[in-house]
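# Per-entry structural report
Take a look at the letters that make up each chain.
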Amino acid sequence: MNSGVRSQHQTPTHRGVSPQHQPPTGDFLAVKRRSPRKAGRRTFRVGLILLGSLSTLIFASSALGAPTVGLGKAASFSVLGGSTITNTGNTTMFGDLGLAPGSSVTGGPVVLGETHIDDAVANEAKSALTTAATTAEHEASNGSAGEDLAGHAFLPGVYTASSSLLLSSGSVTLNAQGDPNAVFIFQIGTTLTTGSNTSVSLINGAQACNVFWRVGSSATLGTGTHFVGTIMAADSITANTRATIHGRLLAQTAAVTLEENTITTSTCASSSSGSGGGTETTTPAETAALEKAAAGETTTGGATTPVTGTTTGAGVAAGKAVGVTAPVPIASKSIAKHHKRHKRHTARKAAKPHSPARPALPHRRGSFTG
């Protein structure tokens, strides 16, 4: 009997299908529509991760493959010669002086380190120099250094001059791009020559202890040159009047000739090992010497004892720098220039006349003096 009232067991009729009985076709289509977008995002994220890993690997590989030159036992020497060392005028070096197999040091340079003449230490240093020079010479080149460095800028790397290399005027710039471990190596077939009053400029974190000049025959620094880095010459080295060197003059077989020069050390933690890294340091005495050199003054070395006449045998320690405190970071000769400007500013300020002070006005209320 059908009275129009639905039975309790009669299935209700709704529009559409009850949610619990909805076929999976709709969900499947929605998932299918969303899948390309999700897959794209996942692919993008995976790509970023792989790119980051690849960049890290490339950076690590480049760091491991960066050219380095370990100076070993030669790292402590400001000057190292083969046959003779000759000096004229007031020359001061802050590192050691060594000579082997020669035995003649003349002209009395002031040596604030130690002096080793044809002894075991000097011969070990010469052997280390030969190894370092060979290493620098055989590093794979990144490009040509040209024939004249004047006005050029170089990024870290190895640069080659097949014959001679000249710095005729002005300066050459070495740009470390913010990397204190950046190494610069110049492979020079025959001679290195700098003109008068030329300079090597370090920028963006470049350090003199990471600059190497491998010279196939002889190096000559012009009058007033401000040079940076370690020169490793197969034959001789000549530093003309008042040339300053923040680095080393290391000659393998022939003479080193000096004339009123200042040679400050450029030492990183890695100078001996060549492993890279570390901050270059110098002493307050060296900073003062750089300041004097920048001003064109002569450094006499204070009360230390110069090497005079012909020195033979085990050598004489020419006096360690007295009162030298712990080393501090240095950025080539820029600190010296800063000190010089500061002193000029202080002197001008002290000499400037001051206007007399105005008399104080009365503090009683209502009293105006006009």
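Just so you know, these numbers come straight off a predicted model, no measurement behind them.

Attention shifts here to the overall build of the protein chain. Looking only at helices and strands, the protein chain has four helices and 24 strands in total. Out of the 370 residues belonging to the protein chain, those deemed buried represent 39%. Looking at the protein chain alone, contacts between residues at least 24 apart form 56% of all its contacts between residues at least 6 apart. In the structure as shown, the protein chain presents an accessible area of about 20,100 Å², 57% of it carried by carbon and sulfur atoms.

Here the focus is the pairing of strand β10 (residues 157–161). Within β10, four of the five residues are buried, which leaves it mostly tucked inside the rest of the structure. As paired elements, β10 and strand β13 (residues 184–188) share five bridges and run parallel to each other. The partner of Gly-157 across the bridge, within β13, is Phe-184.

Note on placement: Gln-252 falls in the loop between β20 (244–251) and β21 (256–259). A polar contact of 2.7 Å, which involves the side chain of Gln-252, links it to the side chain of Arg-214. If near-sequence neighbours (up to four positions away) are discounted, Gln-252 is found in contact with Gly-82, Lys-126, Leu-129, Thr-130, Ala-133, Arg-214, Ala-233, Ala-234 and Asp-235.

This part covers the sheet that holds strand β19 (residues 237–239). Note on sheets: strands pair through backbone hydrogen bonds, and any given pair is parallel or antiparallel. Pairing is parallel across the open sheet formed by seven strands, whose spatial order is β5-β2-β21-β19-β17-β14-β11. The two strands at the open ends of the sheet, each matched to only one other strand, are β5 (104–106) and β11 (165–167). Taking the axes of each pair of neighbouring strands and ignoring which way they run, one obtains an average angle of 5 degrees across the sheet. The sheet contact formed by strand β14 (residues 192–194) and strand β17 (residues 219–221) spans two bridges and is parallel. Residue pairing for β17: Leu-192 is matched across the bridge by Ala-219.

For helix α2 (residues 120–137), with 18 residues, the first-to-last C-alpha span of 26 Å sits near the 26 Å given by 1.5 Å per residue. Along α2, the residues that are buried comprise Ala-122, Ala-125, Lys-126, Ala-128, Leu-129, Ala-132, Ala-133 and Ala-136. Along α2, the residues classed as buried sweep out an arc of 170 degrees about the axis, all on the same side. More than 90 degrees from the buried face of α2, the exposed residues found are Ala-120 and Thr-131. Sitting at the head of α2, Asp-119 places a side-chain oxygen 3.3 Å from the backbone nitrogen of Val-121.

Turning to the side chain of Ser-217, a few remarks are in order. Relative to the elements of secondary structure, Ser-217 occurs in the loop between β16 (211–215) and β17. Taking the relative accessible area as the measure of exposure, Ser-217 reaches 16% and is therefore buried. Once you skip the residues sitting within four places of it in the chain, Ser-217 turns out to touch Gly-189, Thr-190, Thr-191, Ala-233, Ala-234, Asp-235 and Ser-236.

Bringing unusual backbone geometry into the picture now. Among all residues except glycine, the phi angle is most often negative; among peptide bonds, the trans geometry is most common. For the peptide bond that leads from Ala-100 to Pro-101, omega is 5 degrees, which places it in the cis range. Within the fold, Pro-101 resides in the loop between β4 (96–99) and β5. The backbone of Asp-118 sits at a positive phi, close to 45 degrees, despite the residue not being glycine. Tracing the backbone shows Asp-118 in the loop between β7 (115–117) and α2. With a phi close to 50 degrees, Glu-260 is a non-glycine residue in the positive phi region. Here Glu-260 lies in the loop between β21 and β22 (262–264). For Glu-260, a relative accessible area of 23% corresponds to the partly exposed category.

Our focus in this paragraph is the state of the cysteines. Evaluated as defined, the whole model comprises one disulfide. Each disulfide pairs two cysteine sulfurs, and for Cys-209 the partner residue is Cys-268, the sulfurs being separated by 1.6 Å. Of the two residues, Cys-209 is situated in the loop between β15 (199–203) and β16 and Cys-268 in the loop between β22 and β23 (281–282); the sequence distance between them amounts to 59 residues. Judged by its relative accessible area of 3%, Cys-209 falls in the buried class.

Here we come to the nonpolar core. By size, the foremost hydrophobic cluster in this structure holds 45 residues, and its most contacted members are Phe-186, Leu-192, Trp-213, Ile-231, Leu-249 and Leu-258. Residue contacts for Phe-186: discarding those within four places in its chain leaves Ala-145, Leu-149, Phe-154, Tyr-159, Leu-174, Phe-212, Trp-213 and Arg-214. Grouped together as the second largest cluster of nonpolar side chains are 18 residues, Leu-71, Ala-75, Ala-133 and Val-183 included.

Further remarks concern the packing of aromatic side chains. What characterises a pair of aromatic rings is the spacing of the ring centres plus the angle enclosed by the ring planes. Counted under the stated rule, the structure contains five aromatic pairs. A centroid spacing of 4.8 Å and a plane angle of 65 degrees characterise the contact between Phe-154 and Tyr-159, whose relative ring orientation is edge-to-face. One exposure class covers both Phe-154 and Tyr-159, and it is buried. Their ring planes at 85 degrees and their centres at 5.3 Å tell us that Phe-154 and Phe-186 sit as a pair that is edge-to-face. Of this pair, Phe-154 sits in strand β9 (residues 153–154) while Phe-186 is found in strand β13, placing the two residues 32 residues apart along the sequence. By the burial criterion, Phe-154 is buried, and Phe-186 matches it. Feature note: the residues Phe-154, Tyr-159, Phe-186, Trp-213 and Phe-227 constitute an aromatic cluster, connected by ring pairs.

What counts, and where the lines are drawn
Positions within a chain are numbered from 1, following the residues in the order the chain's sequence is written. It should be noted that, the model being predicted, local features are given only for residues of pLDDT at least 70 and side-chain atom pairs only at 80 or more, the latter also being counted only at that level, while totals for whole chains, interfaces and linings use all residues. Hydrogens are left out, water is left out, and the side-chain values use all remaining heavy atoms of the structure. A run of H or I in DSSP becomes a helix once it reaches four residues, and a run of E becomes a strand once it reaches two; helices and strands are each numbered from the N terminus. In this scheme, a residue with accessible area under 20% of its type's maximum is buried, one over 50% is exposed, and one in between is partly exposed, where area comes from a 1.4 Å probe on protein chains only. Two residues qualify as a contact provided that any one of their heavy atoms is within 4.5 Å of a heavy atom in the partner residue. Working definition of accessibility: Shrake-Rupley area with a 1.4 Å probe, residue cover restricted to the visible protein chains. In short, DSSP must find at least two bridges between two strands for them to pair. Whenever a nitrogen or oxygen atom comes within 3.5 Å of another N or O atom, the pair is scored as a polar contact, on the condition that within protein one atom can donate a hydrogen and the other can accept it, and that pairs from neighbouring residues in sequence are kept only if both atoms are in side chains. Lines are fitted to the C-alpha atoms to define the axes, a helix being fitted only along its stretch in contact, and any angle between axes, read from their N-to-C directions, falls within 0 to 180 degrees. By definition here, a helix of n residues has an expected span of 1.5 Å times n minus one. Note that the arc is computed from the directions linking the helix axis to the C-beta atoms. In this description, the term disulfide denotes a pair of cysteine sulfurs within 2.5 Å. Within this scheme, the nonpolar core is defined by two criteria: the residues are buried Ala, Val, Leu, Ile, Met, Phe, Trp, Tyr or Cys, and they are joined through side-chain atoms within 4.5 Å. Any pair of Phe, Tyr and Trp rings, taking the six-membered ring for Trp, is counted once the centres come within 6.5 Å. Such a pair is stacked with planes under 30 degrees apart, edge-to-face with planes over 60 apart, and tilted for the rest.

Purely geometric stuff here, so don't read any function into it on its own.
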